[in-house]
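Next come the chains, spelled out residue by residue.
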Amino acid sequence: MNSFLKGFLAAALVCCINSLVFSQSSTPGNLPTDYLTPAFHAGRRQALRDMMPANSVAVIFSYPERVFSKDINYVYHPNPDLYYFSGYKEPDAMLLVFKEIQADGDSSYNELFFIRHRDAAREQWTGRRLGVAGVKSQLGFKRVYNSEAFAKFPIDLKKFKTIIYDSMPNNLNDGGPGSLKDLITNFKVKSDIKDVDEDLLYDLNLIYQRASPKNLDRVISYLKPRLDKNSYKNNELIKELINKPDSVTLADVKVKIKANPSGLSLFTNITDDLRGIKTPEELVLLKKSVEISSIAHAEAMRAVKPQMSETELEGIMLYVHKHYGAEDEGYPPIVGAGANGCILHYEENNATRVKNQLVLMDVGAEYHGYSADVTRTFPANGKFTDEQKSIYQAVYDAQEEVFKLCKEGVKYSDLEIKTREVLSSRLIQLGIIKSAGEVGKYYPHGVSHHLGLDVHDKGEYGGELKAGMVITVEPGVYIPAGSPCDKKWWNIGVRIEDDMLIGKDGGTLLSIDAPRKWEDVEKTIAEKSIFDGGKFPELKVVLK
Ligand code: GLY
Ligand code: MN
Ligand code: MN
């Protein structure tokens, strides 16, 4: 019998444990007080409702739990959309938001929330649950039910003209009544949504949002291998575009997609619009997350020694994050020395010595759900070599030029064009490439993405920058050994990544506390770290 099962049985027999757990659960105490408020989440639901078409319902599920080891799960991470619209952070839940008020006997509702039930025995093992009463009192919902109740809940979702929903996870374990699998199964029955090809719906939306006459060749080569699937082969819009791939057909296909959006594409488009512009309440948390991460980068610079390991440097960052109350990391930390700095999403972090090499650290805290995304690259021995400095300065200059574009009205695509322009001219000057067309060999990623509850956040990527967006600016140059250039450049990998709040007339650099100029980086490395008697700085965004 596994230890969990033993525990459940024991707890079921010892009823006094129930009262112990419930009383613990209701009085946790000593917790942060700067969480998003029920009013914030209610405001987001109203904003969602305002954007929904007539006679529609939006359905948002929790993320599944995932196994870490046999009978131990990974620390649960909520679905950012569900968190955004509800504040609920537990699994096995489903939120329904209705455009119109729904009559229900003498009563009515415009939202329903099915959530995970309380369970004293399980709560003693895996932590407190809010339960129906907690979701009502702490999150401000009125119609809340245990998730088991959805199966028999009297609602016919087929009567709605549009059901707005996100892609649903498949291959879920059967967790019994009220589990995520049970909720999804019953949702499909009640809504008659079955056998939809979510990939196809997603791709049609992508064509609508991102395809242009300029990238149409790439869109067609992306679609062609997918024609093996009947759903793609038989889709009229895909057929039209494949048969006559020109700008006129593309415009016609886009009009048709827009006229008849799928519930899935509506969900994507609405949440992109809402989450892409940060509210003042979100900005407080996002600024705090970025400030914590920036201080951690400065501290890692102060603490670094050539004999340290990559994982030790990662640990220093995490220690600083936790010192300031960040619960998590926004993504797996990347700490790569020398050649490892040329691997874009390097995650092993297992070199036992960083030696006298450049260290690339792409590490961002997550604070109350909001993720920072900051990268710094610095020499472990405190001094850039001439070659490292040349590459660093090229990346820095590209970043500075992009910063100047970070204001409302600038086309998102202009950030990329500017980055390529600066990096290609600098790499040509340094003799690393011969023509601008080769720049992608050493700069293989994009320069920006939205930042928020997801590190690669939802938001509009095809249009213009708007005030209230928060984006990264992250040019990089990576020259792995064996590259067709002078050997002196090999194994230099530099990325500098900062987080920028877009304003009407210019941007605000949120990651200003992470040293960025090469002179400041060298100066910081020479300073005393917290491990040698240095002091943690005070946060500017006050901790409550
Ligand atoms: N840390 C992931 C990224 O920079 O996009
Ligand atoms: Mn990034
Ligand atoms: Mn990053």
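For the structure itself, consult the block above.
First, a word on what this report is: a plain description of the structure on this page. (Residues numbered from 1 in each chain as written. Chains lettered and ligands numbered in written order. Predicted model: local features only at pLDDT ≥ 70, side-chain atom pairs only at ≥ 80, totals over all residues. Heavy atoms only, no water.)

The environment of ligand 1 is formed by Y331, H345, D362, D373, H449, H456, E474 and E497. H449 has a polar side-chain atom sitting 3.1 Å from an oxygen atom of ligand 1. Within the contact set of ligand 1, an oxygen atom lies 2.6 Å away from a side-chain nitrogen or oxygen of H456. Protein burial of ligand 1: of its 200 Å² of free accessible surface, 94% is covered by the chains. Taken together, the residues that form the shell around ligand 1 break down as one nonpolar, three polar and four charged. (Near = heavy atom within 4 Å. Polar contact = N/O pair within 3.5 Å; in protein donor to acceptor, adjacent residues only side chain to side chain. Areas by Shrake-Rupley, 256 points an atom, 1.4 Å probe, with all protein chains shown as cover. Nonpolar A, V, L, I, M, F, W, Y, C, P; charged D, E, K, R; others polar.)

The coordination sphere of the manganese ion (ligand 3) contains the protein donors D362 (OD), D362 (OD), D373 (OD) and E497 (OE), at a distance range of 2.1 to 2.3 Å. With six donor atoms in place around the manganese ion (ligand 3) and angles of 57 to 170 degrees between them, the coordination shape is irregular. Binding-site remark: the manganese ion (ligand 3) is held by donors from one chain whose sequence spacing is D-x10-D-x123-E. (Donors = N, O, S within 2.8 Å, 3.2 Å for Na, K, Ca; no water. Tetrahedral: all angles 85-135°; square planar, octahedral: opposite > 155°, others 65-115°.)

Turning our attention to the packing of aromatic side chains. Any pair of aromatic rings gets described here by the distance separating the centres and the angle formed by the planes. For the structure on display, the rule yields 18 aromatic pairs. Summarising the aromatic geometry, the rings of Y88 and F113 are spaced 5.3 Å apart at their centres and angled 75 degrees between planes, so their arrangement reads as edge-to-face. Of this pair, Y88 sits in the loop between α4 (80–86) and β4 (94–104) while F113 sits in strand β5 (residues 107–115); the two residues are 25 residues apart in sequence, bridging distant segments of the chain. Put simply, the rings of F114, Y145, F150 and F153 pair up and form one aromatic cluster. Above the face of the Y222 ring, R226 is positioned so that its terminal group lies 3.8 Å from the ring centre. (Phe/Tyr/Trp six-rings, centres within 6.5 Å; stacked < 30°, edge-to-face > 60°. Helix = DSSP H or I, 4+ residues; strand = E, 2+ residues; numbered from the N terminus. Lys NZ or Arg CZ within 6 Å of the ring centre and 35° of its normal.)

Here D81 lies in helix α4. According to the relative accessible area criterion, D81 is buried, its value standing at 3%. In terms of polar contacts, D81 uses its side chain to reach the side chain of R275, at 2.8 Å. Aside from chain neighbours lying at most four places away, what touches D81 is I60, D166, F267, T271, R275 and K458. (Buried < 20%, exposed > 50% of the residue type's maximum accessible area, 1.4 Å probe, protein only. Contact = heavy atoms within 4.5 Å.)

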